[in-house]
Amino acid sequence: MSRAAETLSKIPLATFSIIAICCLVYIYQFLFDPNLQQFTMCPRLVIYLNEYYRFITSSLFHGSMMHIGMNMMSTMAIGSSLEKQVGSFTMGFTILWGILLTST
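Let us look at the structure shown here. Just so it is clear, the model here is predicted, and its values are computed rather than measured.

**Regarding the layout of surface pockets**
No. 1: Estimates place the volume of the largest pocket at around 390 Å³.
No. 2: For the largest pocket, the lining is made up of 21 residues, of which Ile18, Thr75, Ile95, Gly98 and Ile99 are closest to its centre.
No. 3: Tallied by class, residues from the lining of the largest pocket come to 10 nonpolar, 11 polar and no charged.

Set out below in structure tokens:
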């Protein structure tokens, strides 16, 4: 088993899931170059046009390769050790709660 495969196999489920989702969103962002104004947080659009998806998408889109790289490395380091202590369900709930709280 390679060193990368061994490292990836040690990442707990919730942490691995959020890393995978963010990387897939970044690949979509890189390949299709969507207008980011359709996905970023704009309270006016959430309140008046009921665009509630912006709570989630604003947390998943990243500005550059360095931005997502640093975020995913820190998520892997901190999230893995935290998830091993509190469990996958609690970590998943914490991630979702954090997305909602930091979007506003």
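**Overview of the environment of glycine 98**
No. 1: One can find glycine 98 in helix H6 (residues 88-102).
No. 2: It is 16 Å that separates the C-alpha atoms of glycine 98 and tyrosine 52, two residues lying 46 residues apart in sequence.

**What to know about the packing of aromatic side chains**
No. 1: Overall, the coordinates contain 3 aromatic pairs when judged by the stated rule.
No. 2: Taking 4.6 Å as the distance between ring centres and 20° as the angle between the ring planes, the aromatic pair formed by phenylalanine 39 and phenylalanine 61 counts as stacked. One end of the pair, phenylalanine 39, is in the loop between helix H2 (13-32) and helix H3 (43-49); the other, phenylalanine 61, is in the loop between helix H4 (54-60) and helix H5 (65-86), and 22 residues separate them in sequence.
No. 3: On the accessibility criterion, phenylalanine 39 (16% relative accessible area) is buried.

Criteria and cut-off values
Residues numbered from 1 in each chain as written. Predicted model: local features only at pLDDT ≥ 70, side-chain atom pairs only at ≥ 80, totals over all residues. Heavy atoms only, no water. 1 Å grid on protein atoms, 1.4 Å probe; cavity = no way out; pocket = protein on both sides within 12 Å on 5 of 7 lines; lining within 4 Å. Points joined across faces, edges and corners; volume = space filled by probe spheres on them. Nonpolar A, V, L, I, M, F, W, Y, C, P; charged D, E, K, R; others polar. Helix = DSSP H or I, 4+ residues; strand = E, 2+ residues; numbered from the N terminus. Phe/Tyr/Trp six-rings, centres within 6.5 Å; stacked < 30°, edge-to-face > 60°. Buried < 20%, exposed > 50% of the residue type's maximum accessible area, 1.4 Å probe, protein only.

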